[in-house]
Amino acid sequence: MAVTKVVVDPITRIEGHLRIEVEADNGRIAKSWASSTQFRGIELVMEGRDPRDAWAFTQRICGVCTVVHAVASCRAVEDALGIKIPANANLIRNLVHGMQFIHDHVIHFYHLHALDWVDVVSALKANPEGTAGIAKKISPWPNNSATYFAEIQERLKKFVGSGQLGIFANGYWGHPAYKLPPEVNLLAVAHYLEALDWQRDVVRLHTIFGGKNPHPNFLVGGMASAINLDDTATINAERLTDIRDMITRARRFVEQVYWPDLVAIAGFYKDWAAIGGGVPHFMSYGEFPEGDIGDLDKLYFPRGIVLDMDLTRVHPFEPERVQEFINSSWYEYPGGDEQGLHPYDGETKAKYTGPKPPWEYLQGLPKYSWMKSPRYDGRPMQVGPLARALVGYASGHQEIREMVKQVLDTLQVGPAALFSTLGRTAARGMETVLLARQMDRWYAALVDRIKSGDTQTFSRDKWEPSTWPAESKGFGWLDAPRGALGHWVRIKDGKISKYQCVVPSTWNCSPRDGKGQLGPYEASLVDNHPLVRPDQPLEILRTIHSFDPCMSCGVHVLDPRGALLTSVKVQ
Amino acid sequence: MHGPLAHPWTEGDTLAQHLERTGITRREFLAFCRDLSIVLGLGTVAGKQVAAALQQVKRPSVIWLQLQECTGCVESVLRTAEPTIGNLLLDLVSLDYSHTLMAAAGHAVESAKEAAMKANFGQYLLVVTGSIPTKDGGIYTVVGGRTCQDILEEAAKGAAAILAVGACAHWGSVQAARPNPTGAVGVRDIIKNKPVINIAGCPPIGDVVTATVVHFLTFNRLPDMDAEGRPLFAYGARIHDQCPRRANFDAGQFVEVFDDDAARRGWCLYKVGCKGPATFSPCPIFQWNTRTSWPIGAGHPCIGCTEPHFWDTMSPFYERLPDVGGFGVEQRVDILGAALALGATAGVVAHAAATGIHQARERKRQLPVIEPPSGGPPPSNT
């Protein structure tokens with residue numbers, strides 16, 4: 001069969017703008033290219049700003065990952081200025097970031113990823129009694145009656161019957177790769193709708209501590225939400241009770257809806273445990289400090305690197321080994337495009353060499369993306385839930401080990417199944433369960449501290465720029481829902497002189513490097529990967545969505561000499 | 001400011017009638033329905049049923065473009081409570097194009113958009129999030145191989161009205177902050193011949209977006225706007241005038257540093273940089289996330305995100321605004337207007353009648369000019 005060139009652009013149900021091109025041959029993908037097609041230049045905007053404002057600017061890199069850049073930025077500035085935040089502020093940040101994970105992963109599963117596995121139209125044919133039977137078997141969740149599912153089905157029938165399919169229009173319904181029985185499809189549709197309501201509720205934890213979501217407020221040196229049990233305008237017993245209840249509802253939904261659904265659906269797609277593995281190296285910066293941030297032994301998710309899928313050994317992460325390459329990216333380095341540069345010394349000069357829009361194909365061009373290629377010790381790295389699970393497993397993290405064992409036993413697959421499209425999706429669910437439980441502990445720890453009389457949420461010692469050194473630099477690291485995130489900042493005379501972010505989707509969506517090594521998206525798409533109908537690229541969506549792409553995060557530019565960018569030329 | 005607009009789906013006005021008016025023949029329509037039913041997996045024979053159903057269609061079409069942006073505005077709308085996003089999607093509108101939520105991708109999703117724009121030409125509501133990068137031929141954001149400007153101009157042609165949602169669509173937001181590396185501009189800078197309403201904020205409160213949609217559908221027109229194109233029902237009042245901490249401001253009770261005793265008593269955040277005195281926003285009234293709280297309510301100063309160019313005019317965020325002193329509502333309004341006008345570029349503001357719409361329409365010129373960060377040219381779209 002002839003080679004078919006396939007372009008999928010826009011990739012929907014992600015954050016931002018991603019283009020995937022592949023060459024398919026006889027139902028398999030032979031070659032792949034991942035292109036990020038948006039560039040905003042936010043870090044360039046930051047030169048000369050007050051470093052205490054940086055969290056707000058970098059937060060706007062992404063409205064989905066709305067917590068992670070803000071926290072990474074605060075940590076970078078705190079690292080540079082030697083600020084230690086109070087224990088309460090750390091616990092509050094853990095609660096806010098923990099809820100970000102839970103919220104983000106559930107939305108990802110139901111609203112961004114599920115339609116790759118769930119045939120909405122098939123749900124119309126379901127017997128609601130059958131759906132109720134399945135629901136009761138897999139979970140104690142109370143919305144499990146046949147009446148309930150019949151009502152959902154009726155609503156869906158009315159919707160489809162109207163002929164206005166809205167967000168479901170032109171979906172790949174009836175594609176042979178959909179394997180779920182109609183009854184399971186109906187269950188998933190019901191939970192798609194329930195999750196929409198659930199997410200609106202539990203995210204209010206951000207609103208209590210940060211005033212709003214998306215884009216809650218943060219503060220270098222701690223958190224701005226003062227604690228006073230005897231005031232109406234502060235964190236008091238009423239607010240704490242609201243938080244407590246949200247944590248409980250979040251956990252209940254994760255344990256009784258998300259996780260059982262994920263396992264049930266995965267059971268019909270075990271073939272995807274052998275598809276889409278890709279890059280065999282995994283990296284986690286670690287996250288959720290449970291002591292001082294410098295105490296790396298007290299991270300809930302451990303830090304480390306797994307190489308070549310070898311789970312018997314965890315390699316240490318050393319920040320100085322991170323480099324960014326631009327062999328396939330629309331930039332140029334003054335010292336030559338073959339170099340790799342550490343983020344502290346990063347150079348960015350945009351140089352677009354692609355075709356004049358409208359584009360037909362980018363494949364085959366030497367440069368084809370706004371994404372750079374970060375490499376660790378010269379290797380591409382997968383980051384995200386699977387990397388955290390593998391590093392945790394290899395580190396002997398008891399809860400992660402139990403969770404991994406449970407899911408492998410339930411699905412009756414071996415450990416090799418983890419290195420796959422299905423593995424990434426399952427790992428996301430596993431860590432959500434663990435974090436939903438961990439939230440209770442952080443909440444209890446916060447309440448205990450308040451009980452003991454400690455209500456401090458902010459360190460004021462180094463707030464005033466007059467207390468800062470003339471020059472400083474800092475590394476703000478964090479493991480975000482999508483993976484390892486680093487912010488590198490240089491501060492001079494009270495202002496930002498350089499700012500660089502290397503973010504999870506840059507690692508995962510990176511294009512080819514100088515050695516021809518594919519980035520993780522690209523490598524996964526050519527790892528035993530089917531594409532049955534090139535005009536209905538459902539399988540591509542499955543694998544790409546298993547990474548939960550966040551393109552706005554991935555593309556960034558920093559240049560301390562902003563004038564460089566004004567010389568950008570087309571062609 | 002603008003006349004009433006045609007309701008997309010007036011009484012007795014079915015899709016079939018729309019199509020007839022817009023020059024789509026019944027034959028083409030039936031062919032479309034047959035294709036649709038095949039896509040749905042219902043087989044060719046269901047085409048006639050689909051056609052019958054489509055002719056009863058009542059939900060107005062909404063096309064949502066996501067241009068150069070962060071998806072925060074979409075997320076904000078997902079949090080809307082009145083109506084909920086589920087009701088909005090299933091019962092109130094037909095969201096015929098949305099990158100974040102559409103099941104289909106690539107060619108299939110683009111053709112769904114084309115079909116919806118054709119079927120509802122002149123009638124659909126166009127929602128835009130994100131700015132339009134204009135430098136270097138628009139190469140800085142390309143979707144489906146096409147530039148944002150190309151995509152926006154095409155979609156605007158058949159729109160009944162345009163909602164520019166969020167600071168990016170309004171004026172460019174963070175990527176348009178100095179030095180605006182990609183030449184990012186807002187919808188109004190590109191589209192001049194259609195009604196455009198700006199739902200300001202970074203992001204705006206989701207309920208303001210849905211309320212504006214519901215306003216349009218219920219009253220057959222966009223709500224009245226201020227000079228910035230923001231709906232008065234949401235942006236008609238200054239934060240400072242609605243703030244529960246206003247009494248502390250009047251009494252001279254200020255937070256001096258975060259987490260001090262004043263902070264723990266919920267006093268005024270003006271001295272730690274609050275931009276509430278220069279910001280028109282519904283935050284204190286609508287609040288965020290099912291009326292749970294809002295930035296000042298959670299102890300952080302307002303950063304002025306509903307005002308154009310706030311990244312430059314309102315930063316550094318923790319530095320206080322120029323003197324906003326004075327006591328007593330009327331007097332202070334005058335003093336504020338005068339003080340802020342001193343720094344305004346548009347000349348002296350005649351600010352005698354500090355009431356209602358007049359005040360609102362003047363607000364753009366009341367914005368303070370705070371020392372901007374050094375270096376770089378001014379934003380290109382002012």
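What counts, and at which threshold
- Think of each chain on its own: its residues are numbered from 1, step by step along the sequence as written.
- The lettering of chains begins at A and the numbering of ligands begins at 1, in the order of writing.
- The model is predicted, so local features are restricted to residues of pLDDT at least 70 and side-chain atom pairs to those at 80 or more, both for listing and for counting; the totals for chains, interfaces and linings are taken over all residues.
- To qualify as a helix, a DSSP run of H or I must reach at least 4 residues; to qualify as a strand, a run of E must reach at least 2; elements of each kind are numbered from the N terminus.
- Here the globule rule is a power law, 2.2 Å times the number of residues to the power 0.38, and the radius of gyration is based on C-alpha atoms.
- Each residue is classified by how many other C-beta atoms fall within 10 Å of its C-beta atom, where C-beta atoms are placed from the backbone; a count of 20 or more means buried, 12 or fewer means exposed, and values in between mean partly exposed.
- Here contacts are defined at the residue level, using C-beta atoms placed from the backbone and a cut-off of 7 Å between them.
- The convention used is that axes are lines fitted to C-alpha atoms, helices contributing only their stretch in contact, and that angles between N-to-C directions extend from 0 to 180 degrees.
- Oblique is the label for any angle not covered by the other classes, which are roughly parallel (under 35 degrees), roughly antiparallel (over 145) and roughly perpendicular (65 to 115).
- Polarity classes work like this: nonpolar for Ala, Val, Leu, Ile, Met, Phe, Trp, Tyr, Cys and Pro, charged for Asp, Glu, Lys and Arg, and polar for all others, with Gly in that last group.
- Confidence of the predictor at the level of single residues is given by pLDDT, which spans 0 to 100.
- Each domain's extent was defined by an automatic or database domain assignment.
- Each pair of strands is called paired provided DSSP finds at least two bridges between the two strands.
- Crossing handedness follows the turn of the near helix against the far one: under a right angle anticlockwise gives a left-handed crossing, and clockwise gives a right-handed one.
- Here, a nonpolar core denotes buried Ala, Val, Leu, Ile, Met, Phe, Trp, Tyr and Cys residues that are linked to one another through C-beta atoms within 7 Å.

**Let's talk about the overall build of chain A**
Alright, step 1. Helix and strand counts for chain A stand at 16 helices and 14 strands.
Alright, step 2. Against the globule reference of 25 Å for 571 residues, chain A gives a C-alpha radius of gyration of 24 Å, in line with a compact fold.
Alright, step 3. Referenced to the eigenvectors of the C-alpha coordinate spread, the extents of chain A come out at roughly 70 × 65 × 50 Å.
Alright, step 4. Looking at chain A as a whole, 64% of its 571 residues qualify as buried.
Alright, step 5. Within chain A, residue pairs in contact and separated by at least 24 positions form 76% of the contacts whose partners lie at least 6 positions apart.

**Quick notes on the overall build of chain B**
Alright, step 1. Assigned secondary structure in chain B consists of 17 helices and nine strands.
Alright, step 2. Here chain B holds 382 residues, and 57% of them are scored as buried.
Alright, step 3. Counted over contacts in chain B with a minimum sequence separation of 6, partners at least 24 positions apart contribute 71%.

**Quick look at the interface of chain A and chain B**
Alright, step 1. Every contact between the two is made by 95 residues of chain A and, on the other side, 87 residues of chain B.
Alright, step 2. Elements supplying a minimum of two residues to the side of chain A that touches chain B: strand E1 (4-8), helix H1 (42-45), helix H2 (54-59), helix H6 (146-161), helix H7 (182-202) and helix H8 (204-210) of chain A.

**Quick look at the packing of helix H5 (residues 128-138) of chain A against H7 of chain A**
Geometrically, a packed helix pair is captured by the angle between its two axes and the distance between the axes.
Residue and element names in this part refer to chain A.
Alright, step 1. Contact geometry of H5 with H7 gives a least axis separation of 8 Å together with a crossing angle of 70°. By the angle class used here, H5 and H7 are roughly perpendicular. Between H5, through Pro128, Gly130, Thr131, Ile134 and Ala135, and H7, the contact on the second element is made entirely by Glu183, Val184, Leu186 and Leu187.
Alright, step 2. Residues that form the contact of H5 with H7 fall into these classes: six nonpolar, two polar and one charged.

**Quick word on the confidence of the model for chain A**
Alright, step 1. When pLDDT is averaged along chain A, the result is 94, and 97% of the positions lie at 70 or above.
Alright, step 2. Across residues 557-571 of chain A, where pLDDT falls below 50, the model places 42 contacts with residues more than four positions away in sequence or in other chains.

**As for the domain arrangement of chain B**
All names here are of chain B.
Alright, step 1. Taken domain by domain, chain B consists of domain 1 (10-57), domain 2 (59-234) and domain 3 (239-366).
Alright, step 2. Contacts between domain 2 and domain 3 engage 19 residues on the former and 17 residues on the latter.
Alright, step 3. Counting residues per element, the ones that place at least two in the side of domain 2 that touches domain 3 are helix H8 (166-171), helix H10 (206-219) and helix H11 (232-235).
Alright, step 4. With three residues, the top contributor of residues to the side of domain 2 that touches domain 3 is H8.
Alright, step 5. Residue classes in the side of domain 2 that touches domain 3 are distributed as 12 nonpolar, two polar and five charged.

**Some points on unusual backbone geometry**
Alright, step 1. The omega angle of the peptide bond from Asp9 of chain A to Pro10 of chain A is 5°, so this bond is cis rather than trans.
Alright, step 2. Considering the arrangement of structural elements, one finds Pro10 of chain A in the loop between E1 and strand E2 (18-25).
Alright, step 3. Look at the link from Pro357 of chain A to Pro358 of chain A: it is a cis peptide, with omega at 0°.
Alright, step 4. With respect to the helices and strands, Pro358 of chain A occurs in the loop between strand E10 (349-350) and strand E11 (373-376).
Alright, step 5. Residue Met309 of chain A is not a glycine yet carries a positive backbone phi of 60°.
Alright, step 6. One can find Met309 of chain A in the loop between strand E7 (304-306) and strand E8 (322-325).
Alright, step 7. Judged by the 15 C-beta atoms lying within 10 Å of it, Met309 of chain A is partly exposed.
Alright, step 8. A positive phi angle, near 55°, is found at Asn289 of chain B, a position not held by glycine.
Alright, step 9. In this structure, Asn289 of chain B sits in the loop between helix H14 (283-286) and helix H15 (310-313).
Alright, step 10. Residue classification places Asn289 of chain B among the buried positions, given that 27 C-beta atoms sit within 10 Å.

**Things to note about the sheet that holds strand E1 (residues 61-66) of chain B**
All names here are of chain B.
Alright, step 1. One open sheet holds the five strands; their spatial order is E2-E1-E3-E7-E9, and the pairing between them is parallel. The open sheet has two edge strands with one neighbour each: strand E2 (94-97) and strand E9 (196-199). Neighbouring strand axes in the sheet, compared pairwise and without regard to direction, differ in orientation by 25° on average.
Alright, step 2. Helix H6 (residues 106-119) contacts E1, E2 and strand E3 (124-129) of the sheet and is inclined by roughly 125° relative to E2.

**So, the pairing of strand E7 (residues 159-165) of chain B**
Residues and elements named next belong to chain B.
Alright, step 1. Taking burial as the measure, the seven residues of E7 include seven buried ones, the bulk of the element.
Alright, step 2. Judged from the six bridges that link them, E3 and E7 form a sheet pairing that is parallel. Counterpart to Leu126 in the pairing with E7 is Ile162.
Alright, step 3. Where E7 meets E9, four bridges bridge the pair, whose relative direction is parallel. Its bridge partner lying in E9, Val165 is registered against Ile199.

**Thoughts on the packing of helix H4 (residues 87-113) of chain A against helix H12 (residues 421-451) of chain A**
Residues and elements named next belong to chain A.
Alright, step 1. Closest axis-to-axis distance for the H4/H12 pair is 9 Å, and the angle between their directions is 150°. Our classification of the angle between H4 and H12 gives roughly antiparallel. Seen along the crossing, H4 lies across H12 with a hand that is left-handed.

**Here's the deal with the sheet that holds E2 of chain A**
Residues and elements named next belong to chain A.
Alright, step 1. Read across the open sheet, the three strands follow the order E1-E2-E3; overall the sheet is antiparallel. This sheet does not close on itself; its edge strands, each paired only once, are E1 and strand E3 (28-36). Taken over all neighbouring pairs, the strand axes of this sheet differ in orientation by 15° on average, direction set aside.

**Some details on the environment of Leu186 of chain A**
Residues and elements named next belong to chain A.
Alright, step 1. Note that Leu186 resides in helix H7.
Alright, step 2. Separated by 58 residues in the primary sequence, Leu186 and Pro128 place their C-alpha atoms 7.8 Å from one another.
Alright, step 3. With sequence-adjacent residues up to four places away left out, Leu186 is seen in contact with Ala123, Ala126, Pro128, Thr131, Phe149, Ile152 and Gln153.

**Concerning the nonpolar core**
Alright, step 1. The biggest cluster of nonpolar side chains holds 295 residues, and the ones touching the most others in it are Leu125, Leu126, Val128, Leu152 and Ile162 of chain B.
Alright, step 2. Broken down by element, this core gets its largest block of residues, 13 residues, from H4 of chain A.
Alright, step 3. Viewed by domain, this core spans two of them, domain 2 (59-234) and domain 3 (239-366) of chain B, each represented by three or more residues.

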